[in-house]
Protein chains: 4
Amino acid sequence: MGEIDGFVHRIRVRYADCDMQGVVFNANYFAYIDDAMDMWLQHALGQEYLDGFDYAVKKAGMEWASPARMREVVELRPTVTRWGRTSFDVRIGLSVGDRVVGEGELVLVSITPGGYEPSPVPERVRRALGEASSLMSR
Amino acid sequence: MGEIDGFVHRIRVRYADCDMQGVVFNANYFAYIDDAMDMWLQHALGQEYLDGFDYAVKKAGMEWASPARMREVVELRPTVTRWGRTSFDVRIGLSVGDRVVGEGELVLVSITPGGYEPSPVPERVRRALGEASSLMSR
Amino acid sequence: MGEIDGFVHRIRVRYADCDMQGVVFNANYFAYIDDAMDMWLQHALGQEYLDGFDYAVKKAGMEWASPARMREVVELRPTVTRWGRTSFDVRIGLSVGDRVVGEGELVLVSITPGGYEPSPVPERVRRALGEASSLMSR
Amino acid sequence: MGEIDGFVHRIRVRYADCDMQGVVFNANYFAYIDDAMDMWLQHALGQEYLDGFDYAVKKAGMEWASPARMREVVELRPTVTRWGRTSFDVRIGLSVGDRVVGEGELVLVSITPGGYEPSPVPERVRRALGEASSLMSR
């Protein structure tokens, strides 16, 4: 049995991220997910990944299992769950240690840089993220 | 044909809400939706609506049709789309003038104030939001 | 006894603005001040005030007298306190009803739009904000 | 010549931190500074530093020398510049590599936990931060 491996992005919860209930404010999880996507794309494609490629968020969703709190380190694990011609879906698992925090889902549309026209997902993106994802689900 | 009426919450887009692409950053729509929920509950139940009632967000999602930009006024129109025993779903339409910006969805769980135990949705909440919602869908 | 008059920008405190201590998080006051500046410039110069003029924040400061809390309406009253050739200072009073929340201070630099070169404050800006300010201090 | 040493907190600039001008939004620097303070106090006093001690921000200010941009790593270096009986001042240098981004200043008031009464700065806080600061200014 091989090791389960894959890209993990870690975010330490700051005081400013938490709300009056003492937990991360719901909208801030989407900012965490946004940052995880950027770091994942950099990791898989290099820092200049936006050269000739850009994407827009068509849908975003999250379901919570437990709240994250100040100083906890949230681990975000993205994987591609669907490839379309001009769009793809990403699922992001969020956890703190062994505790599941929740699961996010994004529908991303490949667009021409500087515009909002959908365009085919570049092969290099598909390959780089696809390989990263297959590592996750081994 | 009757008039379509119902609760509308308006949020003017601030400079700080927008990102490097010049549009409202995706996570900020969830903060807008959160604010619309608070204002709607106040409107329907009075400012002290949290007296004996609280809720947690179990799921949140949003699908975009177009971006909102600085100084535009986003109109948010919430309606209840499902009543469960301890939870309920809310759909929120977002628009700028005649232009659809997108649609949000929340699954909210009624909880005991100060804790995280699910508890039956109080009848007064059900009635107040239900009536507000039926006005919307006439 | 003249009337004390002048521009007032009002911001209702949202749930998301507050931190674990139940008060507006300190950094968020600077976002409030930023929004007040934008609204004041629009009020004094028209919505297209950035046509041929832009500014950068060189310094920002705030001293607190009392915290603002959820649902309170913070009133922000900006006035110019110094005119330089390429920069000017603005003082912003913050209050909730009769209660003083604090006072903010900005040093703003007039820059060429699209660049970061300091440039003389346009006469129309000087006149429009100066008049607005003199109304305040009568 | 001794080594210049001291506490440094590093924050990578996220996409969400930047505004329409492509630089970190001014209010967000105060959130960075807030996080640096928390990390510094943890570093100097241990994670439970709020046990019997709390503080409120009385004044906050920042002067900018250059903007920070997406993906840059901002280094924050706090030092105590004044000790009062119930308050103390902290100066925070911000830089990206060799480039100075600016300097922040805080006036912090020691308060009784759970209240807003000023109370003497505990000796252990004074000692821990003072030593950390003296290392900086050698």
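Residues numbered from 1 in each chain as written. Chains lettered and ligands numbered in written order. Predicted model: local features only at pLDDT ≥ 70, side-chain atom pairs only at ≥ 80, totals over all residues. Heavy atoms only, no water.

**Student:** Help me get a handle on the pattern of salt bridges, residues and values and all.
**Tutor:** Following the criterion strictly, the structure yields 28 salt bridges over all chains and no others. Its salt-bridge partner being R14(C), residue D35(B) comes within 3.6 Å of it at the nearest N-O pair. With D35(B) in helix α1 (residues 26-45) and R14(C) in the loop between β1 (9-12) and α1 (26-45), this pair bridges two chains. Note that R82(D) and D89(D) form a salt bridge whose closest N and O atoms lie 3.0 Å from each other. (Salt bridge = Lys/Arg side-chain N within 4 Å of Asp/Glu carboxyl O. Helix = DSSP H or I, 4+ residues; strand = E, 2+ residues; numbered from the N terminus.)

**Student:** Outline α1(B), supporting the account with residue identities and numerical values.
**Tutor:** Residue and element names in this part refer to chain B. Helix length check: α1 (20 residues) gives 29 Å between terminal C-alpha atoms against 28 Å at 1.5 Å per residue, within 8%. For α1, the buried fraction is high: 16 of the 20 residues fall into the buried class. Taken from the residues just after α1, G46 is the one with a positive phi, measuring 95 degrees. (Expected span 1.5 Å × (residues − 1). Buried < 20%, exposed > 50% of the residue type's maximum accessible area, 1.4 Å probe, protein only.)

**Student:** Report on the sheet that holds β1(C), specifying residues and quantitative values.
**Tutor:** Strand order in the open sheet formed by 10 strands is β1(C)-β3(C)-β4(C)-β5(C)-β2(C)-β2(D)-β5(D)-β4(D)-β3(D)-β1(D), with antiparallel pairing between adjacent strands. Across the chains shown, the open sheet's two edge strands, defined by having one partner strand only, are β1 of chain C together with β1 (9-12) of chain D. Taken pair by pair, the neighbouring strands of this sheet meet at an average axis angle of 25 degrees, ignoring direction. Of the strand pairs in this sheet, strand β3 (residues 73-83) of chain C and strand β4 (residues 87-96) of chain C are connected by eight bridges, and their pairing is antiparallel. Looking at β4(C), one finds that T79(C) is bridged to R91(C). (Pairing = 2+ DSSP bridges. Axes fitted to C-alpha atoms, helices over the stretch in contact; angles between N-to-C directions.)

**Student:** Talk me through the interface of chain D and chain C; I want residue IDs and the actual numbers.
**Tutor:** Tallying the contact residues gives 21 residues for chain D and 21 residues for chain C. Carbon and sulfur atoms make up 50% of the surface buried where chain D meets chain C, a total of about 1,700 Å² over both sides. Counting the surface chain D buries against chain C, the share from its top three residues, K58(D), W64(D) and Y116(D), is 27%. Run the count over chain D and chain C and you get zero salt bridges. Applying the counting rule to chain D against chain C returns eight residue pairs in polar contact (both at pLDDT 80 or more). Mapped by element, the contributors of at least two residues to the side of chain D that touches chain C are α1 (26-45) and β2 (54-64) of chain D. At 10 residues, the largest contribution of residues to the side of chain D that touches chain C is made by β2(D). Here the residues of the side of chain D that touches chain C are counted per class, giving 12 nonpolar, three polar and six charged. (Contact = heavy atoms within 4.5 Å. Buried area = accessible area lost by both parts, 1.4 Å probe. Polar contact = N/O pair within 3.5 Å; in protein donor to acceptor, adjacent residues only side chain to side chain. Nonpolar A, V, L, I, M, F, W, Y, C, P; charged D, E, K, R; others polar.)

**Student:** Before we move on, can you summarise the relation of the copies chain A and chain B with the specific residues and values?
**Tutor:** The transformation that overlays chain A on chain B combines an axial shift of 0.0 Å with a rotation of 180 degrees, and the residual RMSD is 0.0 Å. A rotation of that kind, with that shift, is consistent with a two-fold axis. Residue G61(A) of chain A places its C-alpha closer to the rotation axis than any other residue of that unit, at 1.9 Å. The share of interface residues of chain A whose copies in chain B are also at the interface is 100%, consistent with both copies meeting through the same surface. (Least-squares fit on C-alpha atoms with pLDDT ≥ 70 in both.)

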